[in-house]
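Each chain, written out:
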Amino acid sequence: PLSPSGTQSTQLLLEPPWTPAVLWDQVTLTCQGSGTPGATTWYKGGRRWGQKGPEQILITESGTYQCERSDTGLGPSVRVLDDWLVLQVPARALLEGDTVTLRCRG
């Protein structure tokens, strides 16, 4: 997707692709931009979390995560919960009128 300025934006992809994400799903986050791989900085709870690192990380603690790429900037944040019961929706842009499958999981 293009940001309002017409430039490529940083995307944070969830696997499995459901939100809110839960720790017991073995969540993997992938930081995507348009330029050089490897120039990724991760943030947890708004604080730098590790140095420039991999584009993909396996989450082992609950919290709010963000990634920043040198080419496309800061991406959206993703929350990973440690709840035992969660109502999930697909982690993609939803439009009014879309048919959506919800998952209630525990």
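That block above? That's the structure.
Remember, predicted model here, so these are calculated numbers, not experimental data.

*Asks:* What exactly am I supposed to notice about the sheet that holds strand 11 (residues 86-90) here?
*Replies:* Strands belonging to one sheet form pairs held by backbone hydrogen bonds; the direction of such a pair is parallel or antiparallel. Pairing in this open sheet of three strands is antiparallel, and the strands run 2-11-12 from one edge to the other. The open sheet terminates on both sides in strands that have one partner only, identified here as strand 2 (18-19) and strand 12 (103-105). Relative to strand 11, strand 2 runs antiparallel, the two being bridged by two bridges. When the sheet's bridge partners are listed, Thr19 is paired in strand 11 with Val89.

*Asks:* Explain the pairing of strand 8 (residues 63-69) to me, please; I cannot follow it from the model alone.
*Replies:* Along a regular strand, successive side chains alternate from one face of the sheet to the other. Two elements, strand 5 (residues 40-44) and strand 8, share five bridges in a ladder whose sense is antiparallel. Following the sheet pairing, Thr41 is matched in strand 8 by Glu68. Sheet topology places strand 8 next to strand 10 (residues 78-81); three bridges connect them, and they run antiparallel. By the bridge assignment for strand 10, Gly63 is matched with Val80. In the sheet, strand 8 pairs with strand 9 (residues 73-74) via two bridges, with the strands oriented antiparallel.

Calculation criteria
Residues numbered from 1 in each chain as written. Predicted model: local features only at pLDDT ≥ 70, side-chain atom pairs only at ≥ 80, totals over all residues. Heavy atoms only, no water. Pairing = 2+ DSSP bridges. Helix = DSSP H or I, 4+ residues; strand = E, 2+ residues; numbered from the N terminus.

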